[in-house]
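These are the residues of each chain, in order.
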Amino acid sequence: MAIRLNSVSKAFMVSDRRRRPLYRELMSLRNHQRPEGRKVVLNDLQLEIPDGSRVAVIGRNGAGKSTLLRLIAGIYRPNSGSVDVDGRLCCFLEPGAGAASALPVRDNVFLYASLAGLGWRETRDSLERILKFCGLENQEFTWVEHLSFGMQQRLFMSILIETMRLQRAEVFLFDEFLMGVDQAFRGKVEDALIHYPGTNQIVLHASHDHELMRRTCPSAIWVEDCRIRSFGPTEDILERYRHDPHDG
Amino acid sequence: MSWRHFAYVLFQTTRASFLAEEKNSSLGLIWHLLNPILMTAVLFMVFRNVDRLREIEHYELFILIGLVHYNFFINSTTRCAQNFLRSRSLILNTTVPLQLLVLRQTCIEGLTLFIEILLVLVLGVFMGANLGGALLVYPLVFAGILALSLGASLLLCALVVFLSDLNYIWSLFCRMLFFVTPVFFDPQIVGDGLARTVVELNPLTGLITLARDTLLYGGEIDPLETGLALMGSMLVLAFGWILFRTTSPRIPDYI
C-alpha cells in the first residue's frame, strides 16, 4: 500500500489569532477574552491507496481537498494520526510555485525540474522534449514573465509530465492544474496521465472538472464535512456527488 | 531527498534568486563593491582624526574588513527572515525542505561576501597590507561567519512566523549591534567594564578581529583565539538548528 492515512485529523487556528501584534494579545488578556478556537478541517480520516492508482479528489470549495493533498505531501503535519507515503513525491499544488518568472524559460526548466526531482543531466537530456511538449521549442531564452498564464502553466505541467515519464517520483499530487490551458494541450496532458503512470505510481488529482476526472481517474475520493464521505469508482462517486443537496 | 539532490536544488534556487535580484539592478554586482567602499569612505572621514583610532595601521582597510563582515551578517539574517515570510507559496505548495530556504539566502549573501573579500585583497595589495601565510587561515573565518549567520537566520525563521514583531525587533537589534561590533574601532579602546564585556561576548568581535589578522596584518595566528571565535559561531548554529527543527513542523500551519 503506497499511501496510508490512519485516524488523521487536521485543525487550524482561526486566522485572527495567527501572528497578530503583541499589543492585541495583551489587550485580549486585559479584557478577559478567551482565545478563539481551532477550525477542524479533516477529522479521523482512514484511507489506503494502492500502487498504480489514479484517484480524483472531489468536494466543494473549502471541503479540505487541498489540505488532504498537503497532508499526504508532508507539508502539513496531522494533529493526530499518521500519514505513511511509500515513494518519492512530486507536487503541483499551485501553478509556478517556486519558479522564477524573472528568468528565461531554460533556467526555469532546470529550476522547476530540480524541485520536481530531476537532476541536471536528466533535465539537460529532457529539455528538448519538455519544450516540444509545451510548444516553446523556439522560446528557450524568452523570460517566463513575458509568457501568458496559459503558456506558463503548459511549461510547468510539461516538466511534471516528464518527471512522470522518467519514473523519478512515485506519488503525484495535482490541484486544479489545467486551469487556463487550451483544449489541444489538455488533450495531450490527458493522454499522458492515462498512459504514463506506471504500476508503481499513484496520481491524486483534486479538481472541479468532472469530465477530466471521469476520463483520467478510475477511482475518486469525495471529501465532505471534515471526512472522506466515499471512496470508489469515479462514475458512482460523481453520480452521488451530483445528487447531493449541498454539492450537486 | 538525498543530500546530493538537496545540494543541487540549493544550487538551482540560489542561482535563480541571485540572477533575479541582479536583473532588477542596472549596476548589478558593482553595487556590492560600491556600497562598502562608500560607507568606508564616510566612516574613515568621520573617525580618522579621533586620537585612539588615528593610530590604527591601514585604518581604511581596517574599517572595510569590519564593514563587509558586519554587513554580511545583518543582510543575510534580515533578508532571510523577510524572504522566508514571502516564501509562503513555496512552503505550502512544494515539498522543498524548509532549511533549504534559509540556506539559500545565506549562500546568496555568502557569494556577495566572497566578492567583497576579493576587493579587500586587491586593495590590500595596492595599499601594502601584510598578506602572508596567515591568509590561509581566512577560509576558517569565512566558514565561521557563514555558520554564525546561518545559525541566527535559522533562529529568526524559526520564530518570525509566530511573532509578527520580530522583524522590527531584529532591525533595532542590528542597529545597536553596529555600536558593539568593532567595525570602526579596536576592541582595546573600549576600556574595561560592561561595554567591554558586551563587545567581547559579541561573536562577531572574534571573527572580525581574526579576519583583520589574516587579511591585513599577517603574523602569527593564535589557535586559542581562532578556536574561541569559531566556537561562538558553532554554538549559535547549533541553537538555531535545534530551534528551527522544533518549530518547523508548525510553520506551514501559521505562515
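Residues numbered from 1 in each chain as written. Chains lettered and ligands numbered in written order. Predicted model: local features only at pLDDT ≥ 70, side-chain atom pairs only at ≥ 80, totals over all residues.

1. Describing the environment of A:Leu68
All names here are of chain A.
Here's step 1: Among the structural elements, Leu-68 can be located in helix 2 (residues 65-73).
Here's step 2: By C-beta crowding, Leu-68 is classed as buried, having 27 other C-beta atoms within 10 Å.
Here's step 3: For the pair formed by Leu-68 and Ser-101, sequence separation is 33 residues and the distance between their alpha carbons is 28 Å.
Here's step 4: If we ignore the near neighbours within four places in the chain, the residues touching Leu-68 are Leu-42, Val-57 and Val-223. (Helix = DSSP H or I, 4+ residues; strand = E, 2+ residues; numbered from the N terminus. Buried ≥ 20, exposed ≤ 12 C-beta atoms within 10 Å, placed from the backbone. Contact = placed C-beta atoms within 7 Å.)

2. Remarks on the UniProt feature "domain: ABC transmembrane type-2" (unreviewed entry) in chain B
Here's step 1: In the UniProt entry, the feature "domain: ABC transmembrane type-2" (unreviewed entry) is given for residues 27-247 of chain B.
Here's step 2: Measuring from the first to the last C-alpha atom of residues 27-247 of chain B gives 39 Å, for a span that is 77% helix and 0% strand. (UniProt positions renumbered as here; feature names shortened; annotations may be inferred.)

3. Notes on the sheet that holds strand 2 (residues 38-49) of chain A
All names here are of chain A.
Here's step 1: Overall, antiparallel pairing links the 3 strands, which are arranged 2-1-4 in an open sheet. Two strands lie at the open edges of the sheet, namely strand 2 and strand 4 (80-85), each paired on one side alone. This sheet shows a mean twist of 30° between the axes of neighbouring strands, independent of strand direction.
Here's step 2: As paired elements, strand 1 (residues 3-13) and strand 2 share 8 bridges and run antiparallel to each other. Looking across to strand 2, one finds that Val-8 is bridged to Leu-45.
Here's step 3: Against the sheet, helix 2 makes contact with strand 1, strand 2 and strand 4, and its axis sits at roughly 120° relative to strand 1, the strand it touches most. (Pairing = 2+ DSSP bridges. Axes fitted to C-alpha atoms, helices over the stretch in contact; angles between N-to-C directions.)

4. Some details on the interface of chain A and chain B
Often, the extent of an interface is quoted as the loss of accessible area upon association of its parts.
Here's step 1: At the interface, 28 residues of chain A touch 24 residues of chain B.
Here's step 2: Mapped by element, the contributors of at least two residues to the side of chain A that touches chain B are helix 2, strand 5 (89-92) and helix 3 (105-116) of chain A.
Here's step 3: Broken down by class, the residue content of the side of chain A that touches chain B amounts to 17 nonpolar, 4 polar and 7 charged. (Nonpolar A, V, L, I, M, F, W, Y, C, P; charged D, E, K, R; others polar.)

5. Brief notes about helix 6 (residues 183-195) of chain A
Owing to its 3.6 residues per turn, the α-helix brings residues three or four apart onto one side.
Residue and element names in this part refer to chain A.
Here's step 1: An ideal rise of 1.5 Å per residue puts 18 Å on 13 residues; helix 6 measures up with 18 Å between its terminal C-alpha atoms.
Here's step 2: Of the positions making up helix 6, those classed as buried are Phe-185, Val-189 and Leu-193. The buried side chains of helix 6 occupy one side of the element, clustering within an arc of 75° when seen end-on. In helix 6, the exposed residues that point more than 90 degrees away from the buried face are Gln-183, Ala-184, Gly-187 and His-195.
Here's step 3: Tucked inside the fold, the buried residues of helix 6 contact helix 5 (149-165), strand 7 (202-206) and helix 7 (210-216). (Expected span 1.5 Å × (residues − 1). Arc of directions from axis to C-beta.)

6. Considerations on the packing of helix 4 (residues 59-86) of chain B against helix 10 (residues 203-217) of chain B
Residue and element names in this part refer to chain B.
Here's step 1: Closest axis-to-axis distance for the helix 4/helix 10 pair is 10 Å, and the angle between their directions is 135°. By the angle class used here, helix 4 and helix 10 are oblique. Here helix 4 and helix 10 pass one another in a crossing that is right-handed. In contact with Leu-61, Phe-62, Ile-65, Gly-66, His-69, Tyr-70 and Phe-73 of helix 4, helix 10 contributes Leu-204, Leu-207, Ile-208, Ala-211, Arg-212, Leu-215 and Leu-216.
Here's step 2: Among the residues forming the contact of helix 4 with helix 10, the class breakdown is 11 nonpolar, 2 polar and 1 charged. (Parallel < 35°, antiparallel > 145°, perpendicular 65-115°, else oblique. Left-handed = near helix turned anticlockwise from the far one by under 90°.)

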